[in-house]
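# Summary of the model geometry
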Amino acid sequence: MATVSDFIDGERLWQRLMQLARFGETAEGGVDRPALSETEIAARAQLVAWADEIGLDPYTDSLANLFLRLEGEDSNLPPLLIGSHIDSQPTGGRFDGVYGVLAALEVAEAFKSSGIALKRAIEVVAWTNEEGSRFAPGMMGSAGYAGLRSVETIHALRDGAGTTAGEAIERVLAHDRNIPQRSLKRSAFGYIEAHIEQGPILENLGIPLGIVTGIQGKRTFRVTVEGEENHAGTSPRSVRKDALVTAIAIIDALQKAVWDREDVVRFTIGHFAVSPNAPSVVPARVEFSIDLRHPDADTLIRLGDLVAPIAKGHTGPCAVEVTQLLHDAPLVFAEEMRDLLARVASASNFPAIEIASGAGHDARHLHAICPTGMLFIPCWKGVSHHPSERIESDHALAGAKVLAQAVERLVG
Ligand code: GLV
Ligand code: MN
Ligand code: MN
């Protein structure tokens, strides 16, 4: 008997991955597609055009999440959601997020072609601002959908240029005039997100699929150091209020405080801005980010709680402020979803292992409201958030086939 997965077309999926990579493509071969940007608006229009061709109905909401719905027999039942995100880091690759959205689109198209009836709708979803590089914290579309953050809080976030997320969303929705807008908070029957691993484990083992057990915890902070501008040639160092000198001392102290011999702690200062950033001016202000992650909830609390006292302990000539932006505890995905994905991978003869996610995903927030699972495929040398991010088309196909099987078992 034919199954939906027989209708998955690996070549079509690959061509779409390559086509979507053109929106925001960079000279280095990667993608720069900020959340809610003109580039993302264009990529979104491409998704909607494909949905049109397939016969899916597009919907959006007050956070500009995009849903492409394939109706089921009972339209009153909550849908099964499958997808990920299409925004990227500024120096991102072609597959982070996009793979999950396009694999889901392929599954929806395979259902259409197969003629297999769906008991309930499936919705292919592209969540708004997963990456959090333009508006922090990220994963805001899925957080709002799951009711974990308010629309007002999210709309008030500002990017580096001072634009609010609310204004940026309004611009996107103006392009989406013809797409019906639904209320934000909705119930979901379940959620499955396919994604590239963004780490080297699957590739090293030669295994095409990872059944994701859960996501490690994460805390993020913004630190600002306020000093005073002065002349580099005339002001004595003993009286300066040099924000950069203080910031460097804070970072050095934090690095040492969170260092672990086991190398499990992840501690990153990825954003660092000095102002006025001129060679002959004593730096008056520094703002930097802290991204701290750990799989153990208590350790994450303990280490994260060191940040403010250590940073503020360097108050002296300069003022120091610490704001926590996010505290997401580690989580374990629903056993029923992990079992289902493992069973369908095995039935499809694709080797699979259980694997923990070091990266964050929108699945984190869906996990709060419905049974949620994730599926990883390998990526080259584990490299991600980098233009050289690369995957094999065979792995892309394997992931889409297993996703299709899982969806069929849930709603077919
Ligand atoms: C998501 O992109 C993350 O930073 O984990
Ligand atoms: Mn991602
Ligand atoms: Mn990412």
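Reference entry: report on the structure contained in this document. Computed from a predicted model, the values in this text were never measured in an experiment. For every chain, the first residue of its written sequence is number 1, and the numbers climb from 1 along that sequence. Chain A is the first chain written and ligand 1 is the first ligand written, with later ones labelled in order. With the structure being a predicted model, the display of local features is reserved for residues of pLDDT at least 70 and the display and counting of side-chain atom pairs for 80 or more, all residues being used for whole-chain, interface and lining totals. Side-chain numbers here rest on the full set of heavy atoms in the structure, without hydrogens or water.

### A few points about the pattern of salt bridges
As a working rule, side chains carrying opposite charge can pair if their charged atoms are close by. Stated precisely, the cut-off is as follows: A side-chain nitrogen of Lys or Arg and a carboxyl oxygen of Asp or Glu constitute a salt bridge if their distance falls within 4 Å. Secondary structure elements are defined from DSSP: runs of H or I of at least 4 residues count as helices, runs of E of at least 2 residues count as strands, and each element is numbered from the N terminus. Burial classes follow relative accessibility: with a 1.4 Å probe on protein chains only, a residue under 20% of its type's maximum area counts as buried, one over 50% as exposed, and anything between as partly exposed.
Per the counting criterion, the structure on display carries 18 salt bridges. Among the ionic pairs, R44 bridges to D176, the shortest N-O distance being 2.6 Å. Of this pair, R44 sits in helix α2 (residues 38-54) while D176 sits in the loop between α6 (165-175) and β5 (190-196), and the two are 132 residues apart along the sequence. By relative accessible area, D176 is classed as buried at 8%. Between K256 and D252 there is a salt bridge, and its shortest N-O distance comes to 2.8 Å. Here K256 pairs with D252, and both are found in helix α8 (residues 243-257), just four residues apart, close to one helical turn. Here D252 falls in the partly exposed class, since its relative accessible area comes to 38%.

### Comments concerning the coordination of the manganese ion (ligand 3)
To keep things clear, this is the line we draw: Nitrogen, oxygen and sulfur within 2.8 Å of a metal are treated as its donors, or within 3.2 Å for sodium, potassium and calcium (Na, K, Ca); water is not counted, so a site can appear incomplete.
Those protein atoms acting as donors to the manganese ion (ligand 3) are D96 (OD), E131 (OE), E131 (OE) and H385 (NE2), and they sit at 2.1 to 2.4 Å. When the donor residues of the manganese ion (ligand 3) are listed from N- to C-terminus, their spacing reads D-x34-E-x253-H. Taken as a pair, the manganese ion (ligand 3) and the manganese ion (ligand 2) lie 3.6 Å from each other and share D96 as a ligand. Residue D96 is located in the loop between β3 (80-85) and α3 (98-114), and its partner E131 is located in the loop between β4 (122-127) and α4 (140-145); the two are separated by 35 residues in the primary sequence. In this pair, the class of D96 matches that of E131, namely buried.

### Points about the coordination of the manganese ion (ligand 2)
Listed as protein donors to the manganese ion (ligand 2) are H85 (NE2), D96 (OD) and H195 (NE2); their distances from the metal cover 2.0 to 2.3 Å. Read N to C, the donor residues that coordinate the manganese ion (ligand 2) are spaced as H-x10-D-x98-H.

### Observations concerning the packing of helix α10 (residues 335-347) against helix α12 (residues 393-411)
Condition: Each axis is a line fitted through C-alpha atoms, taken for helices only over the stretch in contact, and angles between the N-to-C directions span 0 to 180 degrees. Here roughly perpendicular refers to angles of 65 to 115 degrees, roughly parallel to angles under 35, roughly antiparallel to angles over 145, and oblique to all remaining angles. Whether a crossing is left-handed or right-handed is set by the direction in which the near helix is turned from the far one by less than a right angle, anticlockwise for left-handed and clockwise for right-handed. Contact definition: two residues touch when any of their heavy atoms are within 4.5 Å. Each residue is assigned to one of three groups, with Ala, Val, Leu, Ile, Met, Phe, Trp, Tyr, Cys and Pro labelled nonpolar, Asp, Glu, Lys and Arg labelled charged, and all others, Gly among them, labelled polar.
Their axes nearest at 9 Å, the elements α10 and α12 cross at an angle of 120°. Taken together, the axis directions place α10 and α12 in an arrangement best described as oblique. The chirality of how α10 crosses α12 is right-handed. Residues M337, L340, L341, R343, V344, A345 and A347 of α10 touch α12, and the partners they reach there are V402, Q405, A406, R409 and L410. The class makeup of the residues in the contact of α10 with α12 is nine nonpolar, one polar and two charged.

### Brief notes about the environment of A64
Inspection of the secondary structure puts A64 in the loop between β1 (57-60) and β2 (66-70). Overall, A64 belongs to the buried group, its relative accessible area being 0%.

### Thoughts on helix α9 (residues 297-312)
Note the following rule: Multiplying 1.5 Å by the helix residue count minus one yields the expected span of that helix. Here the arc refers to the set of directions running from the helix axis out to each C-beta atom.
With 16 residues, α9 ought to run about 22 Å at 1.5 Å a step, and its terminal C-alpha atoms sit 24 Å apart, in line with that. Of all the residues in α9, the buried ones are T299, L300, L303, G304, V307 and A311. For α9, the angular spread of buried residues about the axis comes to 120°, placing them on one side. Across from the buried face of α9, at angles greater than 90 degrees, the exposed residues are D298, R302 and P309. Turning to α9, the residues buried within the fold contact β7 (217-226), α8, β10 (285-294) and β11 (319-328).

### A look at the side chain of R44
Heads up, the rule is: The term polar contact refers here to a pair of N or O atoms within 3.5 Å; inside protein, the definition further demands a hydrogen-donor-capable atom paired with an acceptor-capable atom, and it admits residues adjacent in sequence only when both atoms are side-chain atoms.
For R44, a relative accessible area of 7% translates into the label buried. In this structure the side chain of R44 is engaged in a polar contact, spanning 2.7 Å, whose partner is the backbone oxygen of A64. There is a polar contact of 2.6 Å between the side chain of R44 and the side chain of D176. Sequence-distant contacts of R44, that is, excluding residues within four places in its chain, are made with T60, A64, N65, L66, I86, V172 and D176.

### Details of the pairing of β4
Side chains on a regular strand alternate between the two faces of the sheet. Operational definition: Two strands form a pair only when DSSP identifies at least two bridges running between them.
Most of β4 sits out of view: six of its six residues are buried. Of the two faces of β4, the one holding I122, V124 and A126 and the one holding E123, V125 and W127 are both buried throughout. Pairing between β2 and β4: five bridges, direction antiparallel. Paired with L66 across the bridge in β4 is A126. Pairing of β3 with β4 involves six bridges; the strand directions are parallel. What sits directly across from L80, in β4, is I122.

### Things to note about the packing of aromatic side chains
Each aromatic ring pair is described using two quantities: the centre-to-centre distance and the angle formed by the ring planes. Filter applied, for reference: By convention, a stacked pair of Phe, Tyr or Trp rings (six-membered ring in the case of Trp) has centres within 6.5 Å and planes under 30 degrees apart, an edge-to-face pair has planes over 60 apart, and any other such pair is tilted. Only lysine NZ and arginine CZ atoms are considered, and such an atom sits over a ring when it is within 6 Å of the ring centre and within 35 degrees of the ring normal.
Throughout the structure, instances matching the rule amount to six aromatic pairs. Among the aromatic residues, those joined into a cluster by ring pairs are F67, W127, Y145 and Y191. Directly above the ring of F189 sits R120, whose terminal nitrogen or CZ lies 3.6 Å from the centroid. The ring of Y59 has R182 lying over it, and the distance from NZ or CZ to the ring centre is 4.6 Å.

### Describing the environment of I54
Along the polypeptide, I54 turns up in helix α2. The class of I54 is buried, set by a relative accessible area of 8%. Each C-alpha atom of the pair I54 and K112 lies 7.4 Å from the other, and the pair is 58 residues apart in sequence. Apart from the residues lying within four places of it in its own chain, the contact partners of I54 are R16, L105, E109 and K112.

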